[in-house]
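Each chain is listed here by its residues.
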Amino acid sequence: MAFTLTTLGNCQLTDNSGGQIRAPLMALIMLAYLYETGQPIQRRDLAHLLWPGNRESAATNLRSTVRRLVQASAHSPHPLITTDGSTITVDRTALACDLDIEAVGTPVQQLEASCRAVVTQFLPSEGKSATPIDQWVRHVRARHVSLLRERFLAFAASPDAAGARAQVHRAAIVLLEWDPGDEEVRRHLSASPAEAKPAASVPATAKPAIPLQPTSSIIVEQSELLGESPPRVALLPPETLQGAQRAGSVANALIEDLTIDLCSSRAVSVVAPYTSERIRASKDKASLLERHRVIYALDTQRSGEWLFVQLIFMPTDEIVWAKRFQMDPRLIADQRAEIAGAIKTSLIDLMNSRAPFADQFHQAPEAYFAYLRGLQSLSDLTLPAVRKARRHFREALDHEQDFGMALVGISRTLSLEWILTARGDDELLLQAEKLANTAIERDGRLAGAYKELGVSQLYRGRIDDSLHALEQAETMSPHYADVLLSYSDSLVHAGKAAEGLNKVKAAIDLNPLSPDTYLWSAAGASFFLGAYSDSIEYISRMRDSRPADRLAAACWGMLGETSKARRCRQRVLKDNPGFDYERWLQVIPLKEDWQREIYREGLTKAGF
């Protein structure tokens, strides 16, 4: 073969030395269609399929695409495509393609190939609209699912299944992710090989065949197969597969076992382990969680011999359960049962108490996903990022005007802008407080709304009111790390720095990969305890420490490190040329005069 076309997981054309051929994406999609169809296609039909609409421009686009593909593959001893003027055909002697999964190797290898085809997904960047080519892409994916199900049912009921339980389990989880209501697959997941029915009793036609003609009006969507599915859960492994193998960790295996166990429950729909691994490795977890319609995420982190587990209710970004487990090989089985039991119990309770949120998600998913994008933007503590997050939260309200958490998000961005600009703009805080109160009026169960109310009240100088609101938030959601963070800030400003440091340490325990705000808060508490070196250490762990430059300057000043203090001062004035430290000291809410004096002393020693 002169060339290889990859369509599963990505789309690229390579030559026999592994070099990538720079051909247009539409040329590769055309190749995939010709290869999958396996017969000559009329040029006019192919042009209309790829560029529906104006037939004249479609014909021109096809001629250009074919010419560019021929030029890119000119060194091939055999042409990739042949044409007789009216039809186009792909030359299979010159092209290999990963779509050839029909008859690969042994039955277990066939099962693995089908499973890989489903989870990596055929042409993943396509299939999102209603064009003929997108319909064809979805039909090919559905055919892969149908073939996987056929192979799974045959293999799971065979004597060979006993020696390949891992492959059987993984295929079952992938099929249940596609269709949580497939009881036949679920039965094989939990049954021993002896309990499974003979293959002959499981006809391959148990599921309707998927039409493959791209011009068909029948569009088989995953959402149609799922119907009214139970809440979706993603169990994120603590490490990528390669990382776990390098470290010799069994934590990933524990989470995959737990995934299999949860798949036997009809109360949830579980995202397949392969997908969860991709979410864990991705820099853009929010978009993948969005694509897979995840309501709950079980986030896990490994630190040495300890595994930290937290269950997050994604629509409110709230930690509803968290625990640490020691990865003692003698206790793994008990831990697995305990984690599974805790998650199942939490989910049953949450589905009752948070049903309105789940309903809101199903009714207006665009609002939920805009909200998630807003949260992701807040991972950076810069003014542009905060304002970008506010735009996403407002977009969420455009989709669903009663979405309380979007109001909470806007309130949060206003308070953050007040901090970052350091201008003492009371209007920002008044708006933040008003929005938090509106969210509480619409739904008094939102711990995040009480949190933002407490934050805005703190910076308005109403410290006792702030502590009261944050105490309510913690009572409502004791594992909500962001609530503990804000509570910590209010305690510090109230002159209770030791209590504040304990709160923020608890928040960091709940969120081991702590955002910069957590470290900044811990640094502030340490400063008012006189632990200036500890404060600097927390700031040094921030991904972007520039927002904490004022505090760092004060710390270095108190430590007598004048040159380091002045470097921090220069960065503050570069980012905020109009910064007036005396005005800032009057604006910042501190209940005790001694706190203000210590801060003034540090800033003065830094050269402000």
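For the structure, see preceding data.
These remarks concern the structure in this document. (Residues numbered from 1 in each chain as written. Predicted model: local features only at pLDDT ≥ 70, side-chain atom pairs only at ≥ 80, totals over all residues. Heavy atoms only, no water.)

Focus on the nonpolar core
- Grouped together as the largest cluster of nonpolar side chains are 106 residues, with contacts concentrated most on Phe 403, Phe 527, Tyr 599 and Phe 608.
- Ranked by the residues each element gives to this core, the list is headed by helix 17 (residues 404-421), at 9 residues.
- Ala 23, Leu 69, Ile 88 and Leu 95 belong to the second largest nonpolar core, which has 43 residues in total. (Core = buried A, V, L, I, M, F, W, Y, C linked by side-chain atoms within 4.5 Å. Buried < 20%, exposed > 50% of the residue type's maximum accessible area, 1.4 Å probe, protein only. Helix = DSSP H or I, 4+ residues; strand = E, 2+ residues; numbered from the N terminus.)

Digging into unusual backbone geometry
- Even without a glycine there, the phi angle at Gln 121 is positive, about 75°.
- As for its position among the elements, Gln 121 is in the loop between helix 4 (107-120) and helix 5 (132-156).

Quick look at empty space enclosed by the protein
- Under the counting rule described, the total for this entry stands at 4 cavities of 30 Å³ or more.
- By volume, the largest cavity amounts to about 80 Å³.
- Taken together, 12 residues form the lining of the largest cavity, with Tyr 371, Leu 375, Val 408, Arg 412 and Tyr 480 sitting closest to its centre.
- Taken together, the elements giving at least two residues each to the lining of the largest cavity come down to helix 15 (365-377), helix 17 and helix 19 (447-459).
- With 4 residues, helix 17 is the single largest residue contributor to the lining of the largest cavity. (1 Å grid on protein atoms, 1.4 Å probe; cavity = no way out; pocket = protein on both sides within 12 Å on 5 of 7 lines; lining within 4 Å. Points joined across faces, edges and corners; volume = space filled by probe spheres on them.)

A look at the pattern of salt bridges
- Following the criterion strictly, the structure yields 19 salt bridges and no others.
- A salt bridge links Arg 460 to Glu 433; the shortest N-O distance between them is 2.5 Å. Of this pair, Arg 460 sits in the loop between helix 19 and helix 20 (463-476) while Glu 433 sits in helix 18 (residues 426-442); the two residues are 27 residues apart in sequence, bridging distant segments of the chain.
- Residue class for Glu 433 comes out buried when judged on its relative accessible area of 8%.
- Within the structure, one salt-bridge network assembled from shared partners comprises Glu 433, Arg 460, Arg 462 and Asp 465. (Salt bridge = Lys/Arg side-chain N within 4 Å of Asp/Glu carboxyl O.)

Considerations on the pairing of strand 10 (residues 306-313)
- The buried fraction of strand 10 is high, at 7 of 8 residues.
- Judged from the 8 bridges that link them, strand 9 (residues 296-303) and strand 10 form a sheet pairing that is antiparallel. Its bridge partner lying in strand 10, Gln 301 is registered against Phe 308.
- Counted between consecutive antiparallel strands, the loop separating strand 9 from strand 10 contains 2 residues, among which Gly 304 sits at a positive phi close to 60°. (Pairing = 2+ DSSP bridges.)

A few points about the packing of helix 5 against helix 6 (residues 165-178)
- Between helix 5 and helix 6, the shortest axis-to-axis distance is 10 Å and the interhelical angle comes to 140°. Between helix 5 and helix 6, the angle is such that the two are oblique. Judged by the sense of rotation from one axis to the other, the crossing of helix 5 with helix 6 is left-handed. Residues Ala 142, Val 145, Leu 148, Arg 149, Phe 152, Phe 155 and Ala 156 of helix 5 form the contact with helix 6, whose own contacting residues are Val 168, Ala 171, Ala 172, Val 174, Leu 175 and Trp 178.
- Here the residues of the contact of helix 5 with helix 6 sort into 12 nonpolar, no polar and 1 charged. (Axes fitted to C-alpha atoms, helices over the stretch in contact; angles between N-to-C directions. Parallel < 35°, antiparallel > 145°, perpendicular 65-115°, else oblique. Left-handed = near helix turned anticlockwise from the far one by under 90°. Contact = heavy atoms within 4.5 Å. Nonpolar A, V, L, I, M, F, W, Y, C, P; charged D, E, K, R; others polar.)

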